[in-house]
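Structural characterization, general
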Amino acid sequence: MDAPDSSYVSSQDGSPKRSDQLRSSIPESGETFTHIRFLVSNSEAGSVIGKGGTTITDFQSESGARIQLSRTHELFPGTGDRIIMVSGNLGEVLNAMYLILKKLLSEMEKESGHEVEPRSRVRMIVPNGSCGGLIGKGGSNIKSLIEASGAGIKISPLDANYYRLSDRLLMITGSLDEQMEAIKLILHKLFEDPHYPHYVNVPFSYAAYGTNFGPNGTRGKFPNNKDDQNNSSVTIGISDDHIGLVLGRGGRNITEISQVSGARIKISDRGDFISGTNERKVTITGSQRAIHTAEDMIMQKVNSVTEGMN
């Protein structure tokens, strides 16, 4: 697999870019140690590991970064997903992220039998204390990150269902190139937070929260019981303001999502919210692949508007 070109590591052509203002106070940081944590499903974790650990070994050798994966029972609170941490200097981390994300896209194409939707998502874990710097006054920084990368970027609220949980999820939606540019700019911005490097020492410290599920912003999931056809069901929360985007005119969108994904989708009645939120319950039932496809399509509908508002 080809390594990413140098544009993912640093901008060396000398031409001015809109993202320059985000990096103006940061020195050239190719050798600065950093890290990134993000979520993957259990099946995606298997793809990154590879048979006998060959893939993760190759990725580490090719990128120079260290890649660590949480164990099967070490899940991020409010999700059923494991955590990958990539650490090294900035160039190594970006190279490893490119290899991992490209691999996951390739696996999705193999599963579906055709080229996947070019806009996918990455869910980064970011300490709550670092989010203020990423958002900026009046949202100025996150707007600049969105404009400079072309990706959709959204930070979830802190999950009150987990006492003392101090991490939030940052969702990056876009093409592989847009995601890589966003990750690069976000990591540059995180260099400004002197506390961020310390989190590399506790990458998977969620044992105290158990493996229970609960709402986590618009990505909250509740796993439900399997039905007689051995299907699973998952309930996610979608803001009441955005539920119309999922339904579509005359139910057109939800019908299309159900037909394309093969999943059954049920939306809670008006006023029936996830406790403590204004989010309606959207229950998706089907195979794991059908649930994943439906979830992606639902979030693309929501993000198509929320990104345009930024």
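The following paragraphs examine the structure supplied in this document. Since the model is a prediction, treat every value here as computed from it, not as a measurement.

Our next topic: the environment of Arg289. In this structure, Arg289 sits in helix α10 (residues 288-306). Classification of Arg289 by relative accessible area gives partly exposed; the value is 46%. Taking the C-alpha atoms as reference points, Arg289 and Ser261, separated by 28 residues in sequence, lie 8.0 Å from one another.

This part is about the nonpolar core. By size, the foremost hydrophobic cluster in this structure holds 46 residues, and its most contacted members are Val86, Met97, Leu170, Ile172, Ile186 and Leu187. The leading source of residues in this core is helix α4 (residues 90-112), at 11 residues. When neighbours within four sequence positions are excluded, Ile186 is seen to be in contact with Met124, Leu134, Leu145, Ile153, Leu170 and Ile172. One finds Val282, Ala290, Met297 and Val302 within the second-largest nonpolar core, a separate group that totals 20 residues.

Considering all chains together, one arrives at nine salt bridges under this definition. Across the pair Asp167 and Arg37 runs a salt bridge, and its minimum N-O distance is 3.4 Å. Within this pair, whereas Asp167 is found in strand β6 (residues 167-174), its partner Arg37 is found in strand β1 (residues 33-40), the two being separated by 130 residues in sequence. Overall, the relative accessible area of 6% leaves Asp167 in the buried class. Under the relative-accessibility criterion, Arg37 is labelled buried at 2%. Of the charged contacts, one joins Lys189 and Glu192 as a salt bridge, the two residues approaching to 3.3 Å between their closest N and O atoms. Among the residues examined, Lys189 registers a relative accessible area of 13% and is labelled buried.

This part is about the packing of helix α6 (residues 140-149) against helix α7 (residues 176-190). In contact at an axis separation of 9 Å, α6 and α7 are set at 145° when each is read in the N-to-C sense. Note on packing geometry: the crossing formed by α6 with α7 is right-handed. For the pair formed by α6 and α7, the contact residues are Asn141, Leu145, Ala148 and Ser149 on the first element and Glu178, Glu181, Ala182, Leu185, Ile186 and Lys189 on the second.

Before going further, it helps to spend a moment on the packing of helix α5 (residues 128-135) against α6. Contact geometry of α5 with α6 gives a least axis separation of 5 Å together with a crossing angle of 70°. Considering the angle they form, α5 stands roughly perpendicular to α6. Along the contact surface, α5 presents Gly133, Leu134 and Ile135, while α6 presents Ser140, Asn141, Ile142 and Leu145. Of the residues belonging to the contact of α5 with α6, the class tally is four nonpolar, three polar and no charged.

Conventions used here
Residues numbered from 1 in each chain as written. Predicted model: local features only at pLDDT ≥ 70, side-chain atom pairs only at ≥ 80, totals over all residues. Heavy atoms only, no water. Helix = DSSP H or I, 4+ residues; strand = E, 2+ residues; numbered from the N terminus. Buried < 20%, exposed > 50% of the residue type's maximum accessible area, 1.4 Å probe, protein only. Core = buried A, V, L, I, M, F, W, Y, C linked by side-chain atoms within 4.5 Å. Contact = heavy atoms within 4.5 Å. Salt bridge = Lys/Arg side-chain N within 4 Å of Asp/Glu carboxyl O. Axes fitted to C-alpha atoms, helices over the stretch in contact; angles between N-to-C directions. Left-handed = near helix turned anticlockwise from the far one by under 90°. Parallel < 35°, antiparallel > 145°, perpendicular 65-115°, else oblique. Nonpolar A, V, L, I, M, F, W, Y, C, P; charged D, E, K, R; others polar.

Interpretation in functional terms is not warranted from these geometric data alone.
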